[in-house]
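# A closer look at the structure
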Amino acid sequence: MHIELAKDIISLRNADMGYPDRRVLTEVNFRMSEAEFCYLVGHTGSGKTSLLKTLYGALPLLDGDATVCDYDLKTIKENEIPMLRRKIGMVFQDFNLFEDWTAHRNLDFVLKATDWTDADKRRHRVEECLNRVRLSDKSEIEVYKLSGGQKQKLAIARAILNHSKLIIADEPTGNLDVKSTDEILYLLRDISQEYNAGILLATHDQRVLKKFTARVYRCEHEGIVEEM
Ligand SMILES: Nc1ncnc2c1ncn2[C@@H]1O[C@H](COP(=O)(O)OP(=O)(O)O)[C@@H](O)[C@H]1O
Ligand SMILES: [Mg+2]
């Protein structure tokens, strides 16, 4: 008999993560299935960013097994890491946008870098994604003129450009006021549902967890535990 199981987009088995001279997390077991929304919480320095960096190939897996979007992190080659990153949408606390460029150019740049050669298709896709995050009217505005909340919406538009099935958000509301924080959290939740995208959202802010229910994993004592 063939049983269809929900597919994992992230699977860590006895994974050790951190830096060659310092293991930040050891023996981590964690899995996330497609379209799931999960929180990763824990105090500053508990290892949230280290875990996320391991997932997108910015830190090597030190021990154990890990797969992310069908890539095996134990055997992945250096030159395959850009391909892994294309599959993941990333959102950061400090936005990582080109401040002097317009909103449109920030997105078009990513499409160009990911082999969208047709200018009309690029323009259409950029407009679609700006429209989804309700920034259509800011298309030709330079990023430095946008508010923090608008910048993060633009970063989310960038994360969905290539139809990623996994969005990793590292303290996405860390620089935002309460109102923008709410907007960004609801936007991420809606996008997860609309596009069947898994979202792993790291935060040290307990208020963020109270917005809606989702699985919560806590980094502590060099490991992670699921909160019930
Ligand atoms: N480049 C580095 N080399 C060694 N240790 C580091 C480095 N960067 C961060 N760390 C340490 O790794 C631990 C976990 O940090 P981090 O993953 O950033 O935690 P969090 O995101 O939860 O605040 C901290 O103790 C931090 O000091
Ligand atoms: Mg961090």
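A short tour of the structure in this document, coming up. (Residues numbered from 1 in each chain as written. Chains lettered and ligands numbered in written order. Predicted model: local features only at pLDDT ≥ 70, side-chain atom pairs only at ≥ 80, totals over all residues.)

## Remarks on the overall build of the chain
Note the cut-off: Every helix listed is a DSSP run of H or I at least four residues long, and every strand listed is a run of E at least two residues long, numbered separately from the N terminus. Here the globule rule reads 2.2 Å times residues to the power 0.38, and the radius of gyration is calculated from C-alpha atoms. Counting other C-beta atoms within 10 Å of a residue's C-beta gives its exposure: the residue is buried at 20 or more, exposed at 12 or fewer, and partly exposed in between, where C-beta atoms are placed from the backbone. Two residues qualify as being in contact provided that their C-beta atoms, derived from the backbone, are within 7 Å of each other.
Within the chain, the regular secondary structure consists of seven helices and 10 strands. For 228 residues, the compact-globule estimate of 2.2 N^0.38 gives 17 Å, and the chain sits close to it at 18 Å. Structurally, the chain occupies a C-alpha span of about 50 × 45 × 40 Å along its principal axes. For the chain, the proportion of its 228 residues judged to be buried stands at 37%. The long-range fraction of contacts in the chain, counting pairs at least 24 apart against all pairs at least 6 apart in sequence, stands at 71%.

## A word on the site of ligand 1
The following threshold applies: We call a residue near a molecule or strand when its C-beta atom, built from the backbone, sits within 6 Å of it.
As a structural note, the neighbourhood of ligand 1 is formed by Y19, R22, V24, G42, T44, G45, S46, G47, K48, T49, S50 and C219. Within the residue set of the shell around ligand 1, elements represented by two or more residues are β2 (22–33) and α1 (48–55). With three residues, α1 is the largest single contributor of residues to the shell around ligand 1.

## Focus: the sheet that holds strand β10 (residues 223–227)
Put simply, the rule reads: A pair of strands is considered paired only if DSSP assigns at least 2 bridges between the two. Every angle, taken between N-to-C directions, lies between 0 and 180 degrees, and every axis is a line fitted to C-alpha atoms, over only the stretch in contact when it is a helix.
On the basis of which strands lie adjacent, the open sheet formed by six strands has the order β6-β7-β8-β3-β9-β10 and mixed pairing. The sheet is open, and its two borders are formed by β6 (88–92) and β10, each paired with just one other strand. Between one strand and the next, the sheet's axes are offset by a mean angle of 20°, whatever the strand orientation. Here five bridges tie strand β3 (residues 37–41) to strand β8 (residues 198–203), and the two strands are oriented parallel to one another. Within β8, the position partnered with F37 by the bridge is I199. Packed on one face of the sheet, α1 meets β3, β7 (166–170), β8 and β9 (215–220) and runs near 150° to β7. Of the strands in this sheet, β6 and β7 are in contact with helix α5 (residues 148–160), which crosses β6 at around 165°.

## Considering the nonpolar core
Note the cut-off: By convention the nonpolar core is taken to be a set of buried residues drawn from Ala, Val, Leu, Ile, Met, Phe, Trp, Tyr and Cys and joined through C-beta atoms within 7 Å.
Counting residues in hydrophobic clusters, the biggest one holds 59 residues, and the most contacted among them are L40, I156, A157 and I168. Sorting elements by how many residues they give to this core places α5 first, with six residues. Excluding residues that lie within four positions of it along the chain, I156 makes contacts with V91, V133, L187, L188 and I191.

## Here's the deal with the pairing of β7
In the case of a regular strand, side chains alternate between the two sheet surfaces. For β7, a buried count of five out of five residues is recorded, marking the element as mostly surrounded by other parts of the structure. Of the two faces of β7, both are covered, the one formed by L166, I168 and D170 as well as the one formed by I167 and A169. Direction of pairing for β7 relative to β8: parallel, over a ladder of five bridges. Counterpart to I168 in the pairing with β8 is L200.

## Examining the sheet that holds strand β5 (residues 71–72)
The strand order across the open sheet built from four strands is β2-β1-β4-β5, with neighbouring strands paired in antiparallel fashion. The open sheet is flanked by β2 and β5, the only strands paired with a single partner. Relative to strand β4 (residues 63–68), strand β1 (residues 8–19) runs antiparallel, the two sharing five bridges. Bridge pairing in β4 links L12 to A66. Of the strands in this sheet, β1, β2 and β4 are in contact with α1, which crosses β1 at around 120°.

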